[in-house]
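Remarks on the overall topology
Residue strings, one per chain:
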Number of protein chains: 2
Amino acid sequence: MATFDVDNVLQQAERSCVEHGARLTSKRKHILEVLLKAEAPRSAYEIAELYRQQTDENIPVMSVYRMLDFLMQNSLVHKLASNNKFIACAHIACSHSHQTPQFLICDKCQQVREIGVDKQLIHALEESIENNHFQLNSPQLELHGVCESCQKQH
Amino acid sequence: MATFDVDNVLQQAERSCVEHGARLTSKRKHILEVLLKAEAPRSAYEIAELYRQQTDENIPVMSVYRMLDFLMQNSLVHKLASNNKFIACAHIACSHSHQTPQFLICDKCQQVREIGVDKQLIHALEESIENNHFQLNSPQLELHGVCESCQKQH
DNA sequence: GGTTGAAATGATATGATATATCATTATTTA
DNA sequence: TAAATAATGATATATCATATCATTTCAACC
Ligand SMILES: [Zn+2]
Ligand SMILES: [Zn+2]
Ligand SMILES: [Zn+2]
Ligand SMILES: [Zn+2]
């Protein structure tokens, strides 16, 4: 499914955590792995279930939420507000620092594409914000629509 | 609180519904009124409670959800995905047709400003979308930050 | 190596948001 | 008025999220 090497991304995540003095414990890593292997965003409860399936070990949902919080704080996971689901960051293995993310969410197949926000867009956003005397706070854009492959289906 | 005349907006909502052959029943109208009078977005449960207070009449939350659905279909109410709350459209009394909305949400006082998306921004968005072969689906932008008045407070 | 304090995780309860389904009432249409 | 349709009520339950206290793990220190 994934167009990237899960193990490589996990190693990169580990490196990035070490750099920041954050502890990527084995359970947290497994949670991230579940999301990396998932083909679409998952809810905390779905993640708990996938965790059980993939490790034969039970995990309380409460713990999943806490681990997701950790992963989000370290920009390894994002939460999609529009459907209350979580997704692994698509740029863990990229060298550049994490930009403000933009998610293209397919309403047919639920797949999500995370792209960096286009410069022109950032500029337009800032301008629009400025006109309203509003102080922006790390935006995250979620755009719903239909992905390329779903468009092709009849 | 409101910087507009609630009754006038309600009349306009009624006109707009008549035009579209939609039935703005008295209960639906009351729900809209609750939101017009609210100083911030409200959850369906909060709306049910405000409805009770303002009309001395009980209303099942299930009904509130249905009425909110109706109001959203008619662009009289929007749902903010980032906090699962509902807000009256700020442009009910405007003559022009409803644009894709952009919400500036203050994380301090919770007040929301709905503005029409700036043209440059729409253009940048479309471009970004096009580059990704994605077919956009009536977008709605939710931007979090701090409003002007909260910025002034120390 | 044992002690101790902090961080992580588990266990349990509960709150908050949302939907499914069937019954009843109101409104429109013929 | 009768029949069809739309709106609302009632009830149950699913889904998402947080609060709180107990236990375990781990690093730091002596
Ligand atoms: Zn990311
Ligand atoms: Zn798709
Ligand atoms: Zn609006
Ligand atoms: Zn404010």
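For the structure, see preceding data.
Residues numbered from 1 in each chain as written. Chains lettered and ligands numbered in written order. Predicted model: local features only at pLDDT ≥ 70, side-chain atom pairs only at ≥ 80, totals over all residues. Heavy atoms only, no water.

1. With respect to the protein's contact with DNA strand D
With respect to spatial proximity, 18 residues lie near DNA strand D, and among them M62 and K79 of chain A together with T25, K27 and R66 of chain B are the closest. Each atom of DNA strand D within 4 Å of the protein was assigned to sugar, phosphate or base; sugar and phosphate come to 51%. Within the side chain of K79 of chain A, a nitrogen or oxygen atom sits 2.5 Å from a phosphate oxygen of DNA strand D. Of all the secondary-structure elements, those providing two or more residues to the surface near DNA strand D are α4 (61-73) of chain A together with α2 (26-37) and α4 (61-73) of chain B. The greatest single-element share of the surface near DNA strand D, amounting to four residues, is contributed by α4 of chain B. Across the surface near DNA strand D, the residue classes break down as seven nonpolar, four polar and seven charged. (Near = heavy atom within 4 Å. Polar contact = N/O pair within 3.5 Å; in protein donor to acceptor, adjacent residues only side chain to side chain. Helix = DSSP H or I, 4+ residues; strand = E, 2+ residues; numbered from the N terminus. Nonpolar A, V, L, I, M, F, W, Y, C, P; charged D, E, K, R; others polar.)

2. Re the interface of chain A and chain B
Taken residue by residue, the interface counts 36 residues in chain A and 36 residues in chain B. Taking both partners together, chain A and chain B bury about 2,900 Å²; carbon and sulfur atoms supply 57% of that area. Along the contact surface separating chain A from chain B lie 14 residue pairs in polar contact (both at pLDDT 80 or more). Elements with a contribution of two residues or more to the side of chain A that touches chain B: β3 (101-106), β4 (112-116), α5 (119-131), β5 (135-136), β6 (141-146) and α6 (148-152) of chain A. Element by element, the count of residues in the side of chain A that touches chain B is highest for α5 of chain A, at eight residues. The residue makeup of the side of chain A that touches chain B, split by class, is 16 nonpolar, 14 polar and six charged. Across two bridges, the pairing between β5 of chain A and strand β6 (residues 141-146) of chain B is antiparallel. Note on β6 of chain B: the bridge partner recorded for L136 of chain A is G145 of chain B. (Contact = heavy atoms within 4.5 Å. Buried area = accessible area lost by both parts, 1.4 Å probe. Pairing = 2+ DSSP bridges.)

3. Things to note about α5 of chain A
All names here are of chain A. Across its 13 residues, α5 extends 18 Å between first and last C-alpha, which sits within 8% of the 18 Å expected from 1.5 Å per residue. Among the residues of α5, L121, A124, L125, S128 and I129 are the ones counted as buried. Along α5, the residues classed as buried sweep out an arc of 135° about the axis, all on the same side. Across α5 from its buried face, at more than 90 degrees, point the exposed residues K119, E130 and N131. Downstream of α5 by a residue or two, H133 has a phi angle that is positive, lying close to 50°. (Expected span 1.5 Å × (residues − 1). Buried < 20%, exposed > 50% of the residue type's maximum accessible area, 1.4 Å probe, protein only. Arc of directions from axis to C-beta.)

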